[in-house]
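Residue strings, one per chain:
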Amino acid sequence: MVAQLQKTSKPEIIYPDSDGKPMADNTLQFRWITTIKTNLDWLFADNPDVFVAGDLLWYPVEGDNKKRVAPDVMVIFGREKGERGSYQQWKEDNIAPQVVFEILSPGNTAKEMYNKLLFYQHYGVEEYYIYDPDINDLTGFIKEDNILEMIEEIDGWISPRLGIRFQLAQPELKIYYPNGDRFSTYNEEREKALAEKARAEQEKARADKLEAKLRELGINLDEL
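Throughout what follows, the structure given in this document is the object of discussion.

About the thresholds
- Residues numbered from 1 in each chain as written.
- Predicted model: local features only at pLDDT ≥ 70, side-chain atom pairs only at ≥ 80, totals over all residues.
- Heavy atoms only, no water.
- Helix = DSSP H or I, 4+ residues; strand = E, 2+ residues; numbered from the N terminus.
- Buried < 20%, exposed > 50% of the residue type's maximum accessible area, 1.4 Å probe, protein only.
- Pairing = 2+ DSSP bridges.
- Core = buried A, V, L, I, M, F, W, Y, C linked by side-chain atoms within 4.5 Å.
- Contact = heavy atoms within 4.5 Å.
- Axes fitted to C-alpha atoms, helices over the stretch in contact; angles between N-to-C directions.
- Salt bridge = Lys/Arg side-chain N within 4 Å of Asp/Glu carboxyl O.

Assigned secondary structure in the protein consists of three helices and ten strands. Along the protein, from the amino end to the carboxyl end, the secondary structure elements read α-β-β-β-β-β-α-β-β-β-β-β-α. In the protein, which comprises 224 residues, the share counted as buried stands at 35%.

Written as structure tokens, this is what we have:
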């Protein structure tokens, strides 16, 4: 009798795009997450090989869908921009996020943040910044000899990877682009755009008024 061996195949491993947790617990945390993410998008808008993501699940190990974390903001140099359901590192030339930001909320625990520090240290993050907007406190870590060491003097610190500068100020943290411009919120950018539009309309109105006056004096601007 010939025994027939049935082929067995391992079930496909699913890497969910969501962990079921909200992006932010409150409006203050959300504002800071979106401000940092948006301004980093602007900073690297002309570099196709810098990928910036917010609240995206990062899976560092193929075959293990339990080891994962969703940084509030992460920056990956050497990976092209584009849409992703999650960041599966083995599909990204095995490049880990180099810079990570976490914005604290009252729901974060000391144990949770310690575990994240160990995770980021183990899987190759080079710079890790934690900001608590409720108490206006910034903590930074920089990789030295494969260890994320705390940055002793964070006020005025310039990120080696990003080139941005952090300034401890009141009532909240200020972050500056390499050219000295300050990170701005969506509302601030909208106000700037509206102010610029108003100035343009005022200049046009003055120009139209001058043209009308010259025509009254018999001066034809089209012939000048």
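Here four bridges tie strand E7 (residues 137-144) to strand E8 (residues 147-150), and the two strands are oriented antiparallel to one another. Bridge assignment links Ile142 to a residue of E8, and that residue is Glu149. Connecting E7 to the antiparallel partner E8 that follows it, the hairpin turn spans two residues, and Asp145 within it adopts a positive phi of roughly 55°.

The next subject is the nonpolar core. Of all hydrophobic cores here, the largest spans 26 residues; its most connected members are Leu40, Phe101 and Leu162. Listed by contribution, the elements that provide at least two residues to this core are helix H1 (27-43), strand E1 (50-54), strand E3 (73-77), strand E5 (99-103), strand E6 (127-132) and E7. The leading source of residues in this core is H1, at four residues. In contact with Leu162, other than residues within four places in its own chain, are Leu40, Leu43, Phe44, Val75, Phe77, Val99, Phe101 and Pro178.

Turning our attention to the sheet that holds E7. Read from one edge of the open sheet, six strands run E1-E3-E5-E6-E7-E8, paired in mixed fashion. This sheet does not close on itself; its edge strands, each paired only once, are E1 and E8. Across this sheet, the average inter-strand angle for adjacent strands is 15°, counted without regard to direction. Running at roughly 155° to E5, H1 makes contact with E1, E3, E5 and E6 of the sheet. Strands in contact with helix H2 (residues 110-122) are E5, E6, E7 and E8; relative to E6, the strand with the most contacts, it is inclined by about 160°.

The next point concerns the pattern of salt bridges. Evaluation of the coordinates by the stated rule reveals ten salt bridges. One salt bridge connects Glu92 with Arg79, and the closest N-O pair in it is separated by 2.8 Å. One end of the pair, Glu92, is in the loop between strand E4 (87-88) and E5; the other, Arg79, is in the loop between E3 and E4, and 13 residues separate them in sequence. Of the two residues, Glu92 and Arg79, neither departs from the other in class, the shared state being buried. A salt bridge links Arg79 to Asp93; its shortest N-O distance comes to 3.1 Å. Remark: Asp93 occurs in the loop between E4 and E5 and Arg79 occurs in the loop between E3 and E4; sequence separation between them is 14 residues. For Asp93, a relative accessible area of 60% puts it in the exposed group. The structure contains a network of salt bridges with shared partners spanning Arg79, Glu80, Arg84, Glu92 and Asp93.

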